[in-house]
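These are the residues of each chain, in order.
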Amino acid sequence: MDDFPTYPSGLRLADRRVVVVGGGHVAQRRVPQLIAAGAEVHVVAPEVTPAIEGLVGSGEVTWHERGFADADLDEAWYCIAATDLPEVNERVSRAAEERRVFCVRADDATRATAWTPATGRHDGITVAVLGNREPQRSARIRDEIVEQMREGVLAARRQRRRTPGVVLVGGGPGDPELISVAGRKALMDADVVVADRLAPRELLGDLPADVELVDVAKLPRGRSAQQEEINRVIVDRALAGKRVVRFKGGDNFVFGRGYEEVIACREAGVPVTVVPGLTSPVSVPAVAGIPVTHRGVAHEFTVISGHLPPGHPDSLTEWSAVARLRGTLVLMMAVQNAPLIAEALLAGGRAPTTPVAVVCDGTMPGERTVLSTLATLAADLEAEQVKPPAIIVVGDVVAVAHPERFGAVPSTEVGD
C-alpha cells in the first residue's frame with residue numbers, strides 16, 4: 001500500500017447509509033462530521049458514549065445495540081471500524097471488502113481501504129489534509145491553512161466575494177491577538193478601513209496595500225473627527241461601491257456610538273452588519289486577573305461611562321442609586337472624573353475601604369494595575385500619574401483578586 005499515494009476524493013454522503021462500528025470516543029469524533037455531511041448514520045455497538053446516545057435520542061443517529069454482523073454493511077456506501085477489538089475491526093474490513101464498501105480502520109490504517117483526512121471548512125471551502133498516517137501533522141497543517149483562510153490572508157483578494165456595504169468591527173481591548181476571527185477577516189476583506197485611535201493599531205499594518213485607510217482618531221483635548229463626518233465617510237464610500245470596515249476598540253455598542261452609525265447607514269440604504277468585539281469593561285479586568293463577578297461576593301456588575309462628573313446637567317447616571325448597589329462597578333472613560341465619582345459613592349453610602357483597581361493600558365505592553373480604595377483614589381491617581389485609557393473596577397472582587405493587599409473576602413453563600 002505504501003508504494004502508492006492515496007487518491008483524494010470528496011464523498012457526497014447525503015441520504016446514504018454509513019455504518020460506524022463501535023460506540024467509543026473515536027466514533028464520537030467521527031459521527032458528528034457524518035451527520036453534518038447529511039449521511040444516514042448507523043452505529044453498531046453494545047454500548048455508546050453519552051454524547052452518541054444524545055444524538056440517538058435526537059433522532060440524528062440509528063443505534064443497533066449489539067455486536068457487529070456482516071449484514072450491517074448491506075446497502076452501505078461507507079463504513080468506519082472503530083472498536084477497541086482488532087479482531088472485530090478486521091471482520092468489518094473483510095465484510096466491507098466483499099461488498100466493495102470503502103472502510104476506515106481506527107486501529108490499523110495499513111489494513112484500511114480509506115483514510116480519514118484532517119478536515120476544516122470556511123466560507124464554502126473544505127480543506128482536507130492527508131499525511132502518510134501522521135494525523136497530528138495533518139491536523140497542524142489543516143489548522144494553519146484554515147486559520148489563514150479565516151483571517152483573509154490566504155485567498156487572493158480578487159477571488160473574494162465582496163459586496164458593497166459597511167461592517168462595524170469591534171477590535172477588542174487593544175491586544176491585536178484579542179480581535180475575533182470574524183473581525184480580522186472583515187479587515188482583510190475591506191476596500192476602506194475607517195479607524196479610530198483605540199482600534200488595535202498593529203492590525204492596520206497587515207492591511208493589503210490597496211486598502212484605503214481613513215484616520216478618524218479622537219484624541220482627548222486634541223484633533224476630533226465629529227461623528228457626523230464619520231457617518232458621512234462610511235456612507236459615501238459604501239454608496240461608491242466599496243466594502244467599508246468601521247474599526248474601533250472594544251465593542252461598537254458599548255459606549256462606542258456604533259448604533260449611530262447603524263442608523264446613518266440604514267437611512268442611506270446602505271447594508272450594514274456588525275462583528276462584536278471583546279468589550280473592555282469585562283475583558284480588561286479579566287486579563288488583569290480581576291473577575292467582575294464572583295460567587296458569594298458579587299451578583300451583578302454595572303458598567304458606567306464616567307466622561308461626565310456627578311452633578312453634571314447632561315449626566316444620565318443616578319449616582320446615589322449606584323452607591324447603594326452591592327455588586328461590582330466598572331467605570332469607563334473616568335480617569336479625569338474619578339475623584340468626584342469616588343466622593344459621590346462615599347456620600348451615597350459606599351464604605352471608604354471599598355477596594356478599587358485601576359487597570360491602565362489594559363492588554364497592551366504597558367499594562368499596569370494601581371490598587372486603591374474609594375477613600376484614597378484621588379491621591380493614588382495623582383501619585384501614580386494615571387492617564388487614559390484605563391478601566392476602574394470598584395468592589396470586593398478586587399479584594400478577591402488581591403487578598404495580599406485587601407485581605408480575604410468572606411463569602412455570603414453556603415458551600416463556598
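Residues numbered from 1 in each chain as written. Predicted model: local features only at pLDDT ≥ 70, side-chain atom pairs only at ≥ 80, totals over all residues. Heavy atoms only, no water.

Undergrad: Even after reading the chapter, I still don't get the overall build of the protein, so can you show me in this structure?
TA: Per the secondary structure count, the protein includes 13 helices and 17 strands. The C-alpha radius of gyration computed for the protein amounts to 29 Å, which surpasses the reference 22 Å derived for 416 residues by more than 25%, pointing to a less compact arrangement than a globule. The buried share of the protein, taken over its 416 residues, is 43%. Long-range contacts, defined here as pairs at least 24 residues apart, represent 61% of the contacts in the protein between residues at least 6 apart. Of the roughly 22300 Å² of accessible surface on the protein, a fraction of 52% belongs to carbon and sulfur atoms. Taking the average place of the 45 positive charges on the side chains of the protein and the average place of its 55 negative ones, the gap between the two points comes to 4 Å. (Helix = DSSP H or I, 4+ residues; strand = E, 2+ residues; numbered from the N terminus. Rg over C-alpha atoms; globule rule 2.2 N^0.38 Å. Buried < 20%, exposed > 50% of the residue type's maximum accessible area, 1.4 Å probe, protein only. Contact = heavy atoms within 4.5 Å. Areas by Shrake-Rupley, 256 points an atom, 1.4 Å probe, with all protein chains shown as cover. Lys, Arg positive; Asp, Glu negative; His and termini not counted. Charge placed at Lys NZ, Arg CZ, Asp CG, Glu CD.)

Undergrad: What is the right way to look at the packing of helix α1 (residues 25-36) against helix α2 (residues 50-57) in this model?
TA: When two helices pack together, their arrangement is given by the angle between the helix axes and by the axis-to-axis distance. The interhelical angle for the contact between α1 and α2, taken along N-to-C directions, is 30 degrees, at an axis separation of 9 Å. On the basis of their axis angle, the class for α1 and α2 is roughly parallel. The chirality of how α1 crosses α2 is left-handed. Contacts from Ala27, Gln28, Val31 and Ile35 in α1 reach Ala51, Ile52 and Leu55 in α2. Of the residues belonging to the contact of α1 with α2, the class tally is 6 nonpolar, 1 polar and no charged. (Axes fitted to C-alpha atoms, helices over the stretch in contact; angles between N-to-C directions. Parallel < 35°, antiparallel > 145°, perpendicular 65-115°, else oblique. Left-handed = near helix turned anticlockwise from the far one by under 90°. Nonpolar A, V, L, I, M, F, W, Y, C, P; charged D, E, K, R; others polar.)

Undergrad: Could you clarify how one ought to interpret the packing of helix α6 (residues 227-239) against helix α7 (residues 258-267) in this entry?
TA: One way to put it is that α6 packs onto α7 with a least axis distance of 10 Å and a crossing angle of 45 degrees. Considered as vectors, α6 and α7 are oriented oblique to each other. For α6 against α7, the interelement crossing comes out right-handed. Together, Gln227, Ile230, Asn231, Ile234 and Val235 of α6 and Glu260, Glu261, Ala264 and Cys265 of α7 make up the contact between the two elements. Looking at the contact of α6 with α7 residue by residue, the class counts come to 5 nonpolar, 2 polar and 2 charged.

Undergrad: Is there a simple way to explain the sheet that holds strand β15 (residues 355-360) in this structure?
TA: Reading across from one edge, β13-β14-β17-β15-β16 is the order of the 5 strands in this open sheet, with mixed pairing throughout. Every interior strand has two partners, whereas the edge strands, β13 (301-305) and β16 (368-373), have only one. Strand-to-strand twist of the sheet, defined as the mean angle between neighbouring strand axes without regard to direction, takes the value 20 degrees. When strand β14 (residues 328-332) meets strand β17 (residues 390-394), the two strands line up antiparallel, connected through 3 bridges. (Pairing = 2+ DSSP bridges.)

Undergrad: Is there a simple way to think about the nonpolar core in this case?
TA: Across soluble globular proteins, nonpolar side chains show a tendency to be buried alongside one another. The biggest cluster of nonpolar side chains holds 24 residues, and the ones touching the most others in it are Trp319, Leu331, Leu345, Val358, Val386 and Ile392. At the level of secondary structure, the elements contributing two or more residues to this core comprise α9 (319-324), β14, α10 (338-347), β15, α11 (377-383) and β17. Take this core: its biggest share by element is 5 residues, from α10. Those residues in contact with valine 386, other than ones at most four positions away along the chain, are Val335, Val358, Cys360, Arg368, Val370 and Leu381. Membership of the second largest hydrophobic core comes to 19 residues, among which are Ile52, Leu55, Ile80 and Val104. (Core = buried A, V, L, I, M, F, W, Y, C linked by side-chain atoms within 4.5 Å.)

Undergrad: Would you take a moment to explain the state of the cysteines for this structure?
TA: Chemically, a disulfide is nothing more than a covalent bond linking the sulfur atoms of two cysteines. Here the structure, examined in full by the defined rule, presents 0 disulfides. No disulfide involves cysteine 79; its sulfur sits 3.4 Å from the nearest other cysteine sulfur, which is in cysteine 103. The buried category is assigned to cysteine 103, whose relative accessible area is 2%. (Disulfide = S-S within 2.5 Å.)

Undergrad: For this particular structure, what's the right way to read the side chain of arginine 350?
TA: Along the polypeptide, arginine 350 turns up in the loop between α10 and β15. Here arginine 350 is buried and forms no salt bridge, its nearest opposite-charge partner glutamate 300 lying at an N-O distance of 6.0 Å. Reaching out from arginine 350, the side chain makes a polar contact with the backbone oxygen of leucine 325 at a distance of 3.0 Å. Leaving out residues up to four positions away in the same chain, arginine 350 has contacts with Val322, Ala323, Leu325, Arg326, Gly327, Leu345, Leu374, Val394 and Gly395. (Salt bridge = Lys/Arg side-chain N within 4 Å of Asp/Glu carboxyl O. Polar contact = N/O pair within 3.5 Å; in protein donor to acceptor, adjacent residues only side chain to side chain.)

Undergrad: Looking at this structure, I do not really get a nonpolar patch on the surface. What am I missing?
TA: A contiguous nonpolar surface patch, about 350 Å² in accessible area, is contributed by Phe253, Tyr259, Ile263 and Val274. With respect to the helices and strands, isoleucine 263 occurs in helix α7. (Patch = residues over 30% accessible without salt bridge, like charges linked within 9 Å, V, L, I, M, F, W, Y side chains within 5 Å.)

Undergrad: Whenever I open this one, helix α5 (residues 181-188) confuses me. Can you help?
TA: Owing to its 3.6 residues per turn, the α-helix brings residues three or four apart onto one side. Within α5, 6 of the 8 residues are buried, which leaves the element mostly enclosed by the surrounding structure. By the burial criterion, the buried members of α5 are Gly183, Arg184, Lys185, Ala186, Leu187 and Met188.

Undergrad: Which parts of the structure should I look at to understand unusual backbone geometry?
TA: Glycine aside, a negative phi is what most residues show, and trans is what most peptide bonds show. The omega torsion across proline 388 and proline 389 is 0 degrees, close enough to zero to call that bond cis. Tracing the backbone shows proline 389 in the loop between α11 and β17. For glutamine 385, which is not glycine, the phi torsion reads 50 degrees and is therefore positive. Within the secondary structure, glutamine 385 is located in the loop between α11 and β17.

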